[in-house]
Amino acid sequence: MKNVDDLIESANELAGQGLSNGEIADELNVSRETASWLVERGEGTATSAREPTDALDDIHVDWSALGRDSTRLADVGHAMADLLGGEDVDLVVGIEKAGTPLATTVALELDADLAAYAPRKHQWEEGDIEDLSGSFSRNFAEIRGRECYVVDDTITSGTTMTETIDAITEQGGTPVGCGVLVDKQGVEELEGVPVESLLQVIRVSRED
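Residues numbered from 1 in each chain as written. Predicted model: local features only at pLDDT ≥ 70, side-chain atom pairs only at ≥ 80, totals over all residues. Heavy atoms only, no water.

1. Topic: the pairing of strand 4 (residues 147–155)
Inclusion rule: Only protein chains enter the accessibility calculation, which uses a 1.4 Å probe; a residue is then buried when its area is under 20% of its type maximum, exposed when over 50%, and partly exposed in between. Here a strand is any run of E in DSSP of at least two residues, a helix any run of H or I of at least four, and the numbering for each starts at the N terminus. Pairing between strands is defined by DSSP: at least two bridges between them are needed. Viewed with both strands pointing away, a crossover whose connecting path from the first strand over the helix to the second turns clockwise is right-handed.
Of all nine residues in strand 4, eight are buried, a share of seventy percent or more. Summarising the sheet, strand 1 (residues 91–95) and strand 4 pair through three bridges and their orientation is parallel. Its bridge partner being in strand 4, Gly-94 is matched across the sheet by Val-151. Here strand 4 runs beside strand 5 (residues 174–183); their pairing, made up of eight bridges, is parallel. Paired with Val-151 across the bridge in strand 5 is Gly-179. The parallel pair strand 4 and strand 5 is bridged by helix 7 (residues 159–170), and the resulting crossover is right-handed.

2. Some thoughts on the environment of Gly-179
By the secondary structure assignment, Gly-179 is in strand 5. Note on Gly-179: relative accessible area 3%, which makes it buried. For the pair Gly-179 and Val-151, spaced 28 residues apart in sequence, the C-alpha to C-alpha distance is 4.9 Å.

3. Points about the packing of helix 2 (residues 21–28) against helix 3 (residues 32–42)
Which entries qualify depends on this criterion: Lines are fitted to the C-alpha atoms to define the axes, a helix being fitted only along its stretch in contact, and any angle between axes, read from their N-to-C directions, falls within 0 to 180 degrees. Roughly parallel means an angle under 35 degrees; roughly antiparallel means over 145; roughly perpendicular covers 65 to 115; every other angle is labelled oblique. Two residues qualify as a contact provided that any one of their heavy atoms is within 4.5 Å of a heavy atom in the partner residue. Three classes are used, and their members are as follows: Ala, Val, Leu, Ile, Met, Phe, Trp, Tyr, Cys and Pro are nonpolar, Asp, Glu, Lys and Arg are charged, and the others, Gly among them, are polar.
Following both chains from N to C, one finds helix 2 and helix 3 inclined at 105°, their axes separated by 8 Å at the closest point. Here helix 2 is positioned roughly perpendicular relative to helix 3, judged by the angle of their axes. On the side of helix 2, the interface is formed by Asn-21, Ile-24, Ala-25 and Leu-28, while helix 3 contributes Arg-32, Ala-35, Ser-36, Leu-38 and Val-39. Split by residue class, the contact of helix 2 with helix 3 holds six nonpolar, two polar and one charged.

4. Some words on helix 1 (residues 4–16)
Defined as follows: Take the number of residues in a helix, subtract one, and multiply by 1.5 Å to get its expected span. Taking the helix axis as origin, the arc is that swept by the directions to the C-beta atoms.
Helix length check: helix 1 (13 residues) gives 18 Å between terminal C-alpha atoms against 18 Å at 1.5 Å per residue, within 8%. When helix 1 is considered as a whole, its buried residues turn out to be Leu-7, Ile-8, Ser-10, Ala-11 and Leu-14. The arc that holds every buried residue of helix 1, seen down its axis, measures 165°, which confines them to one face. Against helix 2 and helix 3 lie the buried residues of helix 1. At the exit of helix 1 stands Gly-18, carrying a positive phi of roughly 95°.

As structure tokens, this is what we get:
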């Protein structure tokens, strides 16, 4: 199990490779704010030991045991396709980076076409993310006039999934369902689109 120091080291390595804070967040399956926090500590701008007021409200998800094995990944795709099933949908949209291989396995299971969306967080370092924009890859299927499923690995805040749903709608497509491996928020729908997850993280807290 990775601890905070392991994540700081990983974030520092990724930053050294030139990844943006948004891309680091995607790679480590944490929020943008958590990624920034980890990068700052990796650069030595603060101690890695957290103060009580410096706690993070986030959960790291490591699904590399699935991702590094094609058979396991295909099995996950089968499960996600089953979870999303019920609609006659012939297009699956994967959110880059980690959502695309998952979407590929789902599309294969459903005999559907594949589209890929790069969210604006991949360009994000600091400041207002609303000033940035995402894009669909031209190397994959067209969106306009089609119903589709949206697939990603995790939902941390729901911002990226919501952005993707809006982008699909702007392109003339109709998202009818979203599928993820892990939902950290326990959401049932985003922008009116149902969300299905293989796993949900439920925080249990007690007030004094």
